[in-house]
Amino acid sequence: MKRYIVLMFAGLLLLPGCNLYKKYESEAAVRENVMGDVVDLQDTLSIGDLSWRDVFKDPMLQRLIDTALDRNTDVLTTQLSIEQAQNEVMAAKWGYAPTLSFSPSVTYNYQGNAHSYNVQLPVKASWQLGIFGQTRSKIRSAKARLAYDEDYLQAVQVDLAANVASYYYTLVMLDRQLKIAEETEKLYVESYNTTQALYQAGIYNSPAVYEMQASLESLRATIVDLRNSIATTEASLCLLLVEPPHHVERSTFEQYEAPQQIHIGLPVRLLDARPDVRMAERNVEIAYYGTQQAIQSFYPTISIDGLIGYAGSFNALGLIAEAVGSLAQPIFQAGKLTAQLRNAKAEQEKARLDFAYTLYNAGSEVYKYKKACEAAEEKATHIDIQVDALQEAYTATTELMNHGSTTYLEVLTAQESLLSAQLTQVENRYEMIQGLINLYTALGGFGK
């Protein structure tokens, strides 16, 4: 039996040490086509490398983003989580140190007519050597969790800044649409007054007046909706700033300055910049150390326990010292350790699969947002020509109506078509801006 135990212990010591002490190394294989055909393989620069201040140059927007990053509750909460993770790393490092405790005691004994006191003033120490890497794995796992929380903070900051920018440019778009609607309302009023005059002159019948009035009131209802959308969007933006609802100062639609070029860069940039990709790989790393600790649980625990101090009666205290070395080798635990190891390996594989999916999801987002930017830019040319043409058509139709050469229906149609095209023109420009925000975020921007 003794021989069997010695051989088993020797076999444990001869097992490959790499499983016990090896540090996690990234096994992620980055495919060059992870973002489809939108990548310029000759371009190593990426818009994701730029500071958001260089991409979104509006000083009012920059101040809002700075305010949100300083005050937002999610950001502050995540920073506290990072402090907790730092404490966990510090606690794990103390695993190399022995634990000390001071436990004085006094025992009173009375028997017959005699009584005695026994005093003990010991300092006890316990030290687990962890020569099979148990402490090292705990430290590395704690550091990986800290890095995960730091990446999560960047993810929160990226999402927050993107939301602020999105709300900001939504307000800018709504301002422009409101201005167009209010200017169009003046034209509708003129058309309505003209139609009334022609009706009174006997040229038009009453339905013409009513249809013009209905069109005017419909436009006024649209103006009310736009003003309400502005108010609710301002309230949502103020919530991100942790402020009560109020008017938000902003630039005009015409003042927006887009970056000259949009570079994507190599797919590997996703691993460097996107916090969600890094977080997914942190989970693989954490699971790796979980598997490592499960393997280490099969190895013996070596401890050194001791005490030093004084003991005896009050009048005669003597020095005491004691040291004990112990080794605890798990032999049979009803399959518990084996099950833990299998589950740890399963968690590691699940984390690896999640990381692969996160990587491809990131590439898919970049692809979609890049295509959306290109589509909005291509549509802009056609919509601009459409608006110019409808503007000319409306002007010409109005002049013809004033000279009695056309009907009110043609003017009404021209008015509505022009208004619809102008609003679409603004919406498409907003889609270009929103696409850029989404693309910049997908490449890990806003985190700098």
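Below is a short write-up of the structure. (Residues numbered from 1 in each chain as written. Predicted model: local features only at pLDDT ≥ 70, side-chain atom pairs only at ≥ 80, totals over all residues. Heavy atoms only, no water.)

**Some words on the pattern of salt bridges**
Part 1: Under the defined criterion, the tally for this structure stands at 17 salt bridges.
Part 2: Notably, a salt bridge pairs Arg71 with Glu243, separated by 2.5 Å at the nearest N-O pair. Here Arg71 is found in helix α4 (residues 59–71), whereas its partner Glu243 is found in the loop between α7 (206–240) and α8 (269–273), with 172 residues between them in sequence.
Part 3: Taking relative accessible area as the criterion, Glu243 reaches 22% and is therefore assigned partly exposed.
Part 4: Where salt bridges share partners, they join Asp151, Arg278, Arg282 and Glu285 into one cluster. (Salt bridge = Lys/Arg side-chain N within 4 Å of Asp/Glu carboxyl O. Helix = DSSP H or I, 4+ residues; strand = E, 2+ residues; numbered from the N terminus. Buried < 20%, exposed > 50% of the residue type's maximum accessible area, 1.4 Å probe, protein only.)

**What to know about the packing of helix α6 (residues 134–200) against helix α9 (residues 275–296)**
Part 1: The geometry of α6 relative to α9 is characterised by a closest axis approach of 9 Å and an angle of 165 degrees between their N-to-C directions. When the axis of α6 is compared with that of α9, the two are roughly antiparallel. Both α6 and α9 take part in a crossing whose hand is left-handed.
Part 2: When its residues are assigned to classes, the contact of α6 with α9 shows ten nonpolar, eight polar and seven charged. (Axes fitted to C-alpha atoms, helices over the stretch in contact; angles between N-to-C directions. Parallel < 35°, antiparallel > 145°, perpendicular 65-115°, else oblique. Left-handed = near helix turned anticlockwise from the far one by under 90°. Nonpolar A, V, L, I, M, F, W, Y, C, P; charged D, E, K, R; others polar.)

**With respect to the nonpolar core**
Part 1: One finds Phe56, Leu61, Ile65, Val164, Tyr169, Ile437 and Phe446 to be the most contacted residues of the largest nonpolar core, which totals 55 residues.
Part 2: Those elements that provide at least two residues to this core are α3 (52–55), α4, α5 (73–93), α6, α7 and α11 (408–442).
Part 3: Grouped together as the second largest cluster of nonpolar side chains are 18 residues, Ala280, Tyr289, Phe355 and Val366 included. (Core = buried A, V, L, I, M, F, W, Y, C linked by side-chain atoms within 4.5 Å.)

**Details of the environment of Tyr288**
Part 1: As for its placement among the helices and strands, Tyr288 is situated in helix α9.
Part 2: Within the local environment of Tyr288, its side chain forms a polar contact with the backbone oxygen of Lys22, the two atoms lying 3.0 Å apart. (Polar contact = N/O pair within 3.5 Å; in protein donor to acceptor, adjacent residues only side chain to side chain.)

**Topic: the environment of Gly445**
Part 1: When you line up the elements, Gly445 lands in the segment after α11.
Part 2: Separated by 393 residues in the primary sequence, Gly445 and Trp52 have C-alpha atoms spaced 6.6 Å apart.

**Re the packing of aromatic side chains**
Part 1: By the definition in use, this model includes six aromatic pairs.
Part 2: When the centroid spacing of 5.3 Å and the interplanar angle of 90 degrees are considered together, the rings of Tyr168 and Tyr169 count as edge-to-face. Residue Tyr168 shares its accessibility class with Tyr169, and that shared class is buried.
Part 3: Seen in terms of ring centroids, Tyr169 and Tyr256 are 5.2 Å apart; in terms of plane orientation they differ by 85 degrees. Their pairing is edge-to-face. Taken as a pair, Tyr169 in helix α6 and Tyr256 in the loop between α7 and α8 lie far apart in primary sequence, 87 residues in all. As far as burial versus exposure is concerned, Tyr169 and Tyr256 are alike and both buried.
Part 4: Each residue in the set Phe56, Tyr168, Tyr169, Tyr256 and Tyr440 is aromatic and connected to the rest through ring pairs, giving one cluster. (Phe/Tyr/Trp six-rings, centres within 6.5 Å; stacked < 30°, edge-to-face > 60°.)

**Things to note about unusual backbone geometry**
Part 1: The backbone of Val242 shows a phi angle near 55 degrees, a positive value even though the residue is not glycine.
Part 2: Along the chain, Val242 falls in the loop between α7 and α8.

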